Structure formats: structure tokens, C-alpha cells
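# Tertiary structure, described
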Amino acid sequence: MLFSIDYEALAFKMANKAINQVELMRHADISQSVIKQIQQGEPIKPKTLGKLARALDCAPADIAKPISPLKQAARAINGKRRRQSHSTLQAAADVLADR
């Protein structure tokens, strides 16, 4: 199951611990791209949620909410469509480049 981070709850926990994003990244051993995912409301993996919760000394439920299976399926379908669309465009570009 994937989770989305409640950004307000995350910010509140960070403020209580008096840490900024850079310190959170270091303590949780996560990258800037994960921070960007969180800011954009994208799903994160349970392992990442655990890292964040440990770094903030809180329960995972304090900063996250599960993404419903229906939403997960919709995301997967939309991602597949984007990849197919990109592949089609790339194939067309390759054909034109060969001319």
C-alpha cells in the first residue's frame, strides 16, 4: 500500500523538533526527490514513511494517510497512458529522424 503525507502534519512535527528540510533529509536518509514527491502530494512507500516517522519521533499515522486501492489503480492507469504516449511520440520522432 502507498501513503500520502499530510504536509501540514509533517510541517508541524518538523517545527516541534526544530528541524528544517535539509536536517529531515539527513535524519531520515531520504533524497530531495522524495521531499519533492511529498510536496506535490505524490505517494510514498511504507519504508519511506517509516524513515520519516523515526526521524520525527512520531507514529507513521501522525503524518500520513493511506491511498485507497482505487486511487492507486487510477494512478497506475494514468502512468501507463503517459508511458505509452511518450513511447508513441518517441517512435514517431525516431521514424522522422531516420528520413
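Read on for a plain summary of the structure.

About the cut-offs
- Residues numbered from 1 in each chain as written.
- Predicted model: local features only at pLDDT ≥ 70, side-chain atom pairs only at ≥ 80, totals over all residues.
- Heavy atoms only, no water.
- Helix = DSSP H or I, 4+ residues; strand = E, 2+ residues; numbered from the N terminus.
- Contact = heavy atoms within 4.5 Å.
- Axes fitted to C-alpha atoms, helices over the stretch in contact; angles between N-to-C directions.
- Left-handed = near helix turned anticlockwise from the far one by under 90°.
- Nonpolar A, V, L, I, M, F, W, Y, C, P; charged D, E, K, R; others polar.
- Core = buried A, V, L, I, M, F, W, Y, C linked by side-chain atoms within 4.5 Å.
- Buried < 20%, exposed > 50% of the residue type's maximum accessible area, 1.4 Å probe, protein only.
- Salt bridge = Lys/Arg side-chain N within 4 Å of Asp/Glu carboxyl O.

### A few points about the overall build of the protein
If you tally the helices and strands in the protein, you get five helices and two strands. Across the protein, helices and strands are ordered from the amino to the carboxyl terminus as β-α-α-α-α-β-α. Sequence-distant contacts in the protein: of pairs separated by 6 or more residues, those separated by 24 or more amount to 65%.

### Examining the packing of helix H2 (residues 21–28) against helix H3 (residues 32–39)
The contact between H2 and H3 brings their axes to 10 Å, and the two run at 115°. Between H2 and H3 lies a crossing of right-handed hand. The segment H2 lies against H3, with Gln-21, Leu-24 and Met-25 engaging Gln-32, Ile-35 and Gln-39. In terms of residue class, the contact of H2 with H3 is built from three nonpolar, three polar and no charged.

### Quick word on the nonpolar core
Counting 21 residues, the largest nonpolar core has Ile-5, Leu-24, Leu-52 and Leu-56 as the members making the most contacts within it. Elements that contribute at least two residues to this core include exactly strand S1 (3–5), helix H1 (7–17), H2, H3 and helix H4 (46–56). Of the residues forming this core, the biggest block, five residues, is contributed by H4.

### Quick look at the side chain of Ser-4
Inspection of the secondary structure assignment puts Ser-4 in strand S1. With near-sequence residues (within four places) excluded, Ser-4 lies in contact with Gly-41, Ile-63, Ala-64, Lys-65 and Ile-67.

### A look at the environment of Met-14
Relative to the helices and strands, Met-14 is located in helix H1. Here Met-14 falls in the buried class, since its relative accessible area comes to 11%. C-alpha separation for the pair Met-14 and Leu-24, spaced ten residues apart in sequence, amounts to 7.8 Å. Setting aside its immediate chain neighbours within four residues, Met-14 contacts Ile-19, Asn-20, Gln-21, Leu-24 and Leu-56.

### Some remarks on the pattern of salt bridges
Scanning all chains against the criterion turns up two salt bridges. For Asp-62, the salt bridge goes to Lys-13, with nearest N and O atoms at 3.9 Å. You can see Asp-62 sitting in the loop between H4 and strand S2 (64–66) and its partner Lys-13 sitting in helix H1, a full 49 residues away along the chain. Looking at Lys-13, the relative accessible area reads 21%, which means it is partly exposed. Its salt-bridge partner being Lys-17, residue Asp-57 comes within 2.8 Å of it at the nearest N-O pair. Placement of the pair is Asp-57 in the loop between H4 and S2 and Lys-17 in helix H1, with a sequence separation of 40 residues. The exposure class assigned to Lys-17 is partly exposed, which follows from its relative accessible area of 35%.

What is shown is where atoms sit, not what they do.
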